[in-house]
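# Per-entry structural report
Each chain is listed here by its residues.
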Amino acid sequence: MQFSGKNALITGSSRGIGAAIARVLAGHGLKVWINYKSNVSLANTLKEEIESQGGKAAIIGFDVSDENAFKESLMLIKESDGELGYLVNNAGITNDKLALRMSVADFAQVIEANLHSCFIGCREAFKIMSKQQKGSVVNIASIVGEKGNAGQANYAASKAGMIAMTKSFALESASRNIRYNVVTPGFIETEMTDKLSENVKAEYLKNIPLARLGKAEEVANAVAFLLSDYSSYITGEVLRVNGGLYM
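Residues numbered from 1 in each chain as written. Predicted model: local features only at pLDDT ≥ 70, side-chain atom pairs only at ≥ 80, totals over all residues. Heavy atoms only, no water.

By the naming in an unreviewed UniProt entry, the protein chain is 3-oxoacyl-[acyl-carrier-protein] reductase, taken from Helicobacter aurati. According to its UniProt record, the protein chain has this under Subunit (unreviewed entry): "Homotetramer." Under Pathway (unreviewed entry), UniProt gives the following word-for-word description of the protein chain: "Lipid metabolism; fatty acid biosynthesis." (UniProt positions renumbered as here; feature names shortened; annotations may be inferred.)

In structure tokens:
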């Protein structure tokens, strides 16, 4: 794949899907900025792994829901590298419970961590990329934002909002040669799904046409495509990586 930018910030990238995205983008020659909120050890381990394979990486710790911290971090990257080539808004949380038992605080917590933080990242990247007259942003939403899920009204709302918001940014930024797209993973092999019982996994697999869970690298490859010059005529789109679970 070809990339006209030279660096990328991936939020929430010290583990899971975010770490896989960092590995794949580094493998394509980009300098990756590994964001973490609290576990600097995981971030350092990933940085060392990428560098041991000849890639370029740096770590940057901040809370994505902190507006000032997010803005300052993007400016630090711009000042360090001379540009902000790409942004992947991947960081997010869950706080699952049935809607009848979900408090307004429970709902707002997830909206703030997932949707508000994504808005901050999209807006601030837009400011920097506008001056460059180029750039690409990919937001990691979820199949849950497309079809809903019991016990996840807050998470579903945050991810559905992310999809609609991405389309709005795509419309506003197109004249500046900036693209915004979304990837919606289905059930992916991560630490979260590792905790599921085999019976629960078997129930999920019954509904997945490809009859398996996805791999984090498969999501990362989709992200790399949407960031790259190979997708230069694609903006405002949702790329589903779910094994056919939601067609």
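## Remarks on the overall build of the protein chain
Of the regular secondary structure elements, the protein chain holds nine helices and nine strands. The C-alpha atoms of the protein chain give a radius of gyration of 17 Å, which matches the 18 Å a tight globule of 247 residues would have. Projecting the C-alpha coordinates of the protein chain onto the three principal axes gives extents of approximately 50 × 40 × 35 Å. Considering only contacts within the protein chain whose residues lie at least 6 apart along the sequence, 74% involve residues at least 24 apart. A total accessible area of about 11,700 Å² is found for the protein chain, and carbon and sulfur atoms account for 52% of it. With 26 positive and 25 negative side-chain charges, the protein chain shows a separation of 3 Å between the mean positions of the two kinds. (Helix = DSSP H or I, 4+ residues; strand = E, 2+ residues; numbered from the N terminus. Rg over C-alpha atoms; globule rule 2.2 N^0.38 Å. Contact = heavy atoms within 4.5 Å. Areas by Shrake-Rupley, 256 points an atom, 1.4 Å probe, with all protein chains shown as cover. Lys, Arg positive; Asp, Glu negative; His and termini not counted. Charge placed at Lys NZ, Arg CZ, Asp CG, Glu CD.)

## Digging into helix α4 (residues 104-132)
Here α4 contains 29 residues, and its C-alpha end-to-end distance of 40 Å stays within 8% of the 42 Å for a straight helix at 1.5 Å per residue. The sharpest bend along α4 measures roughly 40 degrees and falls at Glu112. Positive backbone phi, approximately 60 degrees, marks Gln133, located one or two places after α4. (Expected span 1.5 Å × (residues − 1). Bend = angle between axes of the 7 residues up to and from the residue.)

## Some thoughts on the UniProt feature "active site" (unreviewed entry) in the protein chain
UniProt annotation of "active site" (unreviewed entry) refers to Tyr155 when read in the numbering used here. Tyr155 sits in the buried class, given a relative accessible area of 15%. Dropping the residues within four chain positions of it, Tyr155 is found in contact with Ile93, Thr94, Val110, Asn114, Ser142 and Val144. (Buried < 20%, exposed > 50% of the residue type's maximum accessible area, 1.4 Å probe, protein only.)

## Some details on the packing of helix α1 (residues 16-27) against helix α9 (residues 216-227)
Contact pair α1 / α9: the axes reach a minimum separation of 8 Å and the direction vectors enclose 55 degrees. Our classification of the angle between α1 and α9 gives oblique. For the crossing formed where α1 meets α9, the hand is right-handed. When α1 is examined against α9, the residues Gly16, Ile17, Ala20, Ile21, Val24 and Leu25 are found in contact with a partner set consisting of Ala216, Glu217, Val219, Ala220, Asn221, Val223, Ala224 and Leu227. (Axes fitted to C-alpha atoms, helices over the stretch in contact; angles between N-to-C directions. Parallel < 35°, antiparallel > 145°, perpendicular 65-115°, else oblique. Left-handed = near helix turned anticlockwise from the far one by under 90°.)

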